[in-house]
Amino acid sequence: MERFLGRPKFFWNKDRRTNNLRQVYMDHGATTPVDPRVKEEMITYFSDEYGNASQMYQLGQHAHMALELARERLAKLIQANPGEIIFTSGGTEADNAALKGIMLTKRTEKNHIITSTIEHAAILNTCKYLEKQGIKVTYLPVNKHGLINLEDLKTAITKDTALVSIMHANNEIGTIQPIKAISEITHDAGAIFHTDAVQTVGKISVDVQEMNIDLLSMSSHKIYGPKGVGALYKKEGIKLEPLIHGGGHEHGYRSGTENIAGIVGFGKAASIASNSLFEEKKRLAKMRDQLITNLLTIEDSRLNGHPTKRLPHNTNFSFKFIEGEALILRLDDRGIYASTGSACSTKKLKASHVLLAIGLRPEIAHSSLRLTLGRGNTPEDVNYVLKIIPEVIQELREMSAFTKETEEYVMQLKDPNNHDSEN
Ligand SMILES: Cc1ncc(COP(=O)(O)O)c(C=O)c1O
């Protein structure tokens with residue numbers, strides 16, 4: 001594998017380079033490229049300013065100052081105080097720290113968590129683990145657009161509920177939950193509110209004070225920062241047991257020598273996002289709507305997720321009679337990078353739990369395509385995608401054994417009132 005390191009972009013696909021094929025990356029929900037301005041700020045902290053932020057001498061203090069500047073920048077992006085930001089190794093760790101940390105603090109008095117069926121694996125698998133430790137978990141269902149029902153939350157919440165964790169926006173279908181209303185119901189019942197905001201921070205406005213959030217997870221690589229860095233916002237006064245013990249870094253909430261270069265990158269990415277969020281949101285939403293309007297003209301297509309309460313850069317479609325994986329590979333051949341099903345676990349060929357939760361039949365869930373726009377995308381990219389996708393869908397449908405006729409036949413067989421097939 002070492003021979004692959006440091007090779008030029010797309011070296012593995014000679015045709016793609018020599019044929020000058022257009023490259024369109026539309027998988028920004030999975031990850032984003034590091035912004036060159038972020039990279040430039042990080043570079044210094046590898047070999048020049050390499051000090052340990054805990055040391056008193058100047059080299060250490062430079063690292064310490066860089067760490068605190070990043071904390072301020074992150075805090076500004078979500079309207080928090082710098083002292084409320086705990087740096088972690090990413091969104092997954094922030095989610096784990098919130099859920100396990102609260103339950104370790106609370107479980108002698110309260111033993112119940114409420115979450116939703118469409119959360120990211122970082123929440124769902126943490127909840128499964130906590131269930132094995134004897135904690136009760138309620139998974140709220142969602143409607144056909146991916147929204148939870150506030151009445152369901154009111155019914156599920158009890159005096160025993162320690163924590164409600166509902167994601168701000170879904171990573172697959174982009175649906176944005178009514179966070180302020182959810183936090184209000186949670187607080188009225190005396191519970192703590194956490195939200196996984198990995199897909200929203202830096203993309204749409206997030207104000208932890210206005211939304212009355214107690215704990216919030218973020219990730220750097222979704223906002224043009226480096227991978228392996230994230231943060232947990234913890235409102236002052238909320239008690240949390242740390243997951244990682246050691247030298248007491250991050251005010252004792254997350255020990256371990258800080259990843260200064262990574263954190264500097266996250267801070268710079270947050271500051272760029274703070275300054276460009278409003279304009280970028282508008283630019284992306286315009287391209288998103290163009291994708292939606294045009295791709296829905298393809299026969300037997302549907303949009304997954306809420307028609308309006310959705311992330312400005314997210315689209316998610318199902319195209320009947322094709323396999324999402326085949327579509328992704330064909331698009332890859334044409335230089336388009338997109339995803340199907342659950343992007344964070346694409347290697348599993350299981351239908352996405354999110355698409356099943358909004359009520360799609362497994363075969364429709366398997367035919368999904370997620371296009372997530374980002375900073376590098378232009379209207380020309382959108383035009384290219386709009387030209388290629390209908391062609392590829394037609395090619396795949398011509399080859400597919402599953403057609404409208406076979407679908408009708410299968411539906412007939414499943415119909416309990418249909419006795420034709422009985423002999
Ligand atoms: C909603 C959500 N939560 C958590 C994560 C995990 O974040 P990280 O990759 O930084 O661990 C992701 C990543 O895709 C996500 O989309």
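Residues numbered from 1 in each chain as written. Predicted model: local features only at pLDDT ≥ 70, side-chain atom pairs only at ≥ 80, totals over all residues. Heavy atoms only, no water.

## So, the overall build of the protein chain
In step 1: Looking only at helices and strands, one finds 13 helices and twelve strands in the protein chain.
In step 2: The buried share of the protein chain, reckoned over its 423 residues, is 52%.
In step 3: For the protein chain, contacts bridging at least 24 residues in sequence account for 73% of all contacts bridging at least 6. (Helix = DSSP H or I, 4+ residues; strand = E, 2+ residues; numbered from the N terminus. Buried < 20%, exposed > 50% of the residue type's maximum accessible area, 1.4 Å probe, protein only. Contact = heavy atoms within 4.5 Å.)

## Structural notes on the environment of G101
In step 1: Summarising the element assignment, G101 is placed in helix α4 (residues 91–106).
In step 2: On the accessibility criterion, G101 (0% relative accessible area) is buried.
In step 3: For the pair G101 and Y253, spaced 152 residues apart in sequence, the C-alpha separation works out to 9.4 Å.
In step 4: Among residues more than four places away in sequence, those in contact with G101 are N96, L240, E241 and L243.

## Comments concerning the packing of aromatic side chains
In step 1: According to the stated counting rule, one finds three aromatic pairs in the structure shown.
In step 2: Judged by centre distance (6.3 Å) and plane angle (40 degrees), the rings of Y25 and Y337 are tilted. With Y25 in strand β1 (residues 24–25) and Y337 in strand β11 (residues 336–337), this residue pair connects regions lying 312 residues apart in the sequence.
In step 3: On the accessibility criterion, Y25 (27% relative accessible area) is partly exposed.
In step 4: Relative to F319, the ring of F317 has its centre 5.8 Å away and its plane inclined at 25 degrees; by these criteria the two rings are stacked.
In step 5: Of note, K100 hangs over the ring of Y129, and the distance from its end group to the ring centre comes to 4.9 Å.
In step 6: Cation over ring: R375 sits above Y224, and NZ or CZ is 3.9 Å from the ring centre. (Phe/Tyr/Trp six-rings, centres within 6.5 Å; stacked < 30°, edge-to-face > 60°. Lys NZ or Arg CZ within 6 Å of the ring centre and 35° of its normal.)

## Focus on the sheet that holds strand β9 (residues 301–303)
In step 1: Pairing in this open sheet of three strands is antiparallel, and the strands run β9-β10-β12 from one edge to the other. The open sheet terminates on both sides in strands that have one partner only, identified here as β9 and β12 (368–372). Put simply, the sheet's adjacent strands are angled 25 degrees from each other on average, direction ignored.
In step 2: With three bridges joining them, β9 and strand β10 (residues 314–319) adopt antiparallel strand pairing. Within β10, the residue paired with R302 across the bridge is S318. (Pairing = 2+ DSSP bridges. Axes fitted to C-alpha atoms, helices over the stretch in contact; angles between N-to-C directions.)

## With respect to the packing of helix α8 (residues 260–295) against helix α12 (residues 379–399)
In step 1: Relative to each other, α8 and α12 sit at 15 degrees, their axes nearing to 10 Å. Regarding the angle of α8 to α12, the classification is roughly parallel. The hand of the α8/α12 crossing is right-handed. Where α8 abuts α12, its residues M287, Q290, L291, N294 and L295 lie against P379, V382, N383, V385, L386 and I389.
In step 2: Taken together, the residues that form the contact of α8 with α12 break down as eight nonpolar, three polar and no charged. (Parallel < 35°, antiparallel > 145°, perpendicular 65-115°, else oblique. Left-handed = near helix turned anticlockwise from the far one by under 90°. Nonpolar A, V, L, I, M, F, W, Y, C, P; charged D, E, K, R; others polar.)

## Observations concerning the confidence of the model for the protein chain
Do not read the predicted coordinates in detail wherever pLDDT is low.
In step 1: Looking at the protein chain as a whole, its pLDDT mean stands at 92, while 89% of the residues score no less than 70.
In step 2: Scored below 50 in pLDDT, residues 419–423 makes one contact in the model with residues more than four places away or belonging to other chains. (pLDDT = per-residue confidence, 0-100.)

## Here's the deal with the packing of α4 against helix α5 (residues 121–132)
In step 1: Where α4 meets α5, the closest approach of the two axes is 9 Å, and the angle between their N-to-C directions is 30 degrees. One way to sum up the angle between α4 and α5 is to call them roughly parallel. Considering how the two elements wind past one another, α4 and α5 form a crossing that is right-handed. Where α4 abuts α5, its residues T92, D95, N96, L99, K100 and M103 lie against A122, I123, T126, C127, Y129 and L130.

## So, the pattern of salt bridges
In step 1: The final tally for this structure, using the stated rule, is 20 salt bridges.
In step 2: We note a salt bridge from D35 to R37, for which the minimum N-O separation is 2.9 Å.
In step 3: Owing to a relative accessible area of 6%, D35 belongs among the buried residues under this scheme.
In step 4: Classification of R37 by relative accessible area gives partly exposed; the value is 44%.
In step 5: In this structure, E391 engages R334 in a salt bridge whose closest nitrogen and oxygen atoms are separated by 3.2 Å. Highlighted residues: E391 in helix α12 and R334 in the loop between α9 (324–333) and β11, separated in sequence by 57 residues.
In step 6: By relative accessible area, which is 32% here, E391 ends up partly exposed.
In step 7: Shared partners join several salt bridges into a network, and the residues in it are R330, R334, K387, E391 and E395. (Salt bridge = Lys/Arg side-chain N within 4 Å of Asp/Glu carboxyl O.)

## Notes on the environment of Q209
In step 1: By the element assignment, Q209 lies in the loop between β6 (192–196) and β7 (215–219).
In step 2: For Q209 and K235, which are 26 residues apart along the polypeptide, the C-alpha to C-alpha distance reads 9.1 Å.

## Remarks on the sheet that holds strand β8 (residues 230–234)
In step 1: In space, the seven strands of this open sheet follow the order β2-β8-β7-β6-β5-β3-β4, with mixed pairing throughout. At either end of the open sheet lies a strand with only one pairing partner, and these are β2 (85–88) and β4 (136–140). The average angle at which neighbouring strand axes cross in this sheet is 20 degrees, direction not considered.
In step 2: In terms of strand pairing, strand β5 (residues 161–165) meets β6 through three bridges, oriented parallel. If you follow L163 over to β6, its bridge partner there is I192.
In step 3: Lying on the sheet, α5 is in contact with β3 (112–116), β4, β5 and β6; it crosses β4 at an angle near 150 degrees.

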